[in-house]
Amino acid sequence: MKNTEEIFNLLKEKFGEAIIELKADQPVEAFITVNPLELDKICKYLAETDELKFDSLMNLSGVDEANGESTKDEEGNLTITGGTLSVFYHLESTSLKHKLTLKVSAPRENAEVTSVSEIWKCADWHEREAYDLIGIKFLNHPDLRRILMPYDWEAGHPLQKDYRNPEYYQGMKVPY
Amino acid sequence: MGLLDKQFNDENIVITKVGDLLNWARLSSLWQMSFGLACCAIEMMATSASHYDFDRFGVIPRPSPRQCDAIIISGTVTLKMAIRIKRLYEQMPDPKYVISMGSCSNCGGPYWEHGYHVLKGVDRVIPVDVYVPGCPPRPEALLEGLLKLQEKIRNESLVKKSA
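As a starting point, this report considers the structure included with it.

### Some remarks on the overall build of chain A
Along the backbone of chain A there are 3 helices and 11 strands. Mapped from its N terminus to its C terminus, chain A presents α and β elements in the order α-β-β-α-β-β-β-β-β-β-α-β-β-β. With the C-alpha coordinates aligned to their principal axes, the bounding extent of chain A is approximately 55 × 30 × 25 Å. Roughly 9400 Å² of accessible area belongs to chain A as shown, and the carbon and sulfur atoms make up 48% of that amount. Computed over 20 positive and 32 negative side-chain charges, the separation of the two mean positions in chain A equals 3 Å.

### So, the nonpolar core
Grouped together as the largest cluster of nonpolar side chains are 35 residues, with contacts concentrated most on L46, Y89 and L102 of chain A. For this core, the secondary-structure elements that each account for two or more residues are helix 1 (4-15), strand 2 (31-34), helix 2 (39-48), strand 3 (56-64), strand 6 (84-92), strand 7 (99-107) and helix 3 (123-133) of chain A. Other than its neighbours up to four places away in sequence, L46 of chain A contacts I7, L11, L52, K53, F54, L91, L100 and L102 of chain A. Core analysis: the second largest hydrophobic core is formed by 26 residues, L133 and M149 of chain A together with V122 and V125 of chain B among them.

### Here's the deal with the packing of aromatic side chains
Counted according to the given criterion, the structure contains 5 aromatic pairs over all chains. Between the aromatic rings of F31 of chain A and F88 of chain A, the centroid separation amounts to 5.7 Å while the plane-to-plane angle is 80°, which identifies the pairing as edge-to-face. With F31 of chain A in strand 2 and F88 of chain A in strand 6, this residue pair connects regions lying 57 residues apart in the sequence. Each of the two residues, F31 of chain A as well as F88 of chain A, counts as buried. Where Y176 of chain A meets W112 of chain B, the ring centres are 5.3 Å apart and the plane angle is 75°; that geometry is what we call edge-to-face.

Calculation criteria
Residues numbered from 1 in each chain as written. Chains lettered and ligands numbered in written order. Predicted model: local features only at pLDDT ≥ 70, side-chain atom pairs only at ≥ 80, totals over all residues. Heavy atoms only, no water. Helix = DSSP H or I, 4+ residues; strand = E, 2+ residues; numbered from the N terminus. Areas by Shrake-Rupley, 256 points an atom, 1.4 Å probe, with all protein chains shown as cover. Lys, Arg positive; Asp, Glu negative; His and termini not counted. Charge placed at Lys NZ, Arg CZ, Asp CG, Glu CD. Core = buried A, V, L, I, M, F, W, Y, C linked by side-chain atoms within 4.5 Å. Buried < 20%, exposed > 50% of the residue type's maximum accessible area, 1.4 Å probe, protein only. Contact = heavy atoms within 4.5 Å. Phe/Tyr/Trp six-rings, centres within 6.5 Å; stacked < 30°, edge-to-face > 60°.

Structural data, given as structure tokens:
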């Protein structure tokens, strides 16, 4: 059983620059921020190393942090430029009984994160959901389609903070 | 009024009008589509089960839209589902009836403002005969909705086209 700080030191030794920081002084549990383009290698290491054995991805959540520059037009419509979209991964080792939270942040305009669906199969649909609702692209994902919204939805990704719903979809009025 | 309150002139003979007889037959065997969308569908299933017993009004679920007289829209109609509902409705043979069950399918319900994925009322894609309010409606309310629909069918005319 290892705590987040011990795991952070292990990862730092192995991956160096790709491990960005450890945040331990949070009201929530401590988490490690890593490079989104090297996430798959890091996760493979976390899942397969004998002293870590993270065999379960408990949750994968996309977050629009809305930390870019916000502008409002005269109708009050919000537009955010710059900043990041993030993904949080909650891992657990069912045999060693320890847990870990990972965070990756990617630029809002072209958010690309490497897929972990090869390592944990359950990540497949979670990543599709994060793609559908937040707009994060998962590189090397086997089937990155929308999962909840209609396949031909063109108005964007609904859980982005500056999302605007369309007036019509397939001839149906959308607003009340 | 109904069929059975017409007078009995002989032991086995009921005198009535053809229209009334046909309407009575249609309203007494409304086959509904076995189709549920959300939590309202749980109440609809409870209505079908032994305690409330939809079958005593002749309502039985059919697995194909081609064998159905009525469809109960029981739950939240998402934009993705609305297209499928329209297609199912179009596959049903005439005459066909729609019961909109619960606030979601009546008007969008709790999703009316922030539900980016919800159609604000199923009447935007198919014509609705009876609206049953509630969130979700109790089985008694759905039964009342069915009785209203039966009332509507009872007053239909074979000659005049219904609205």
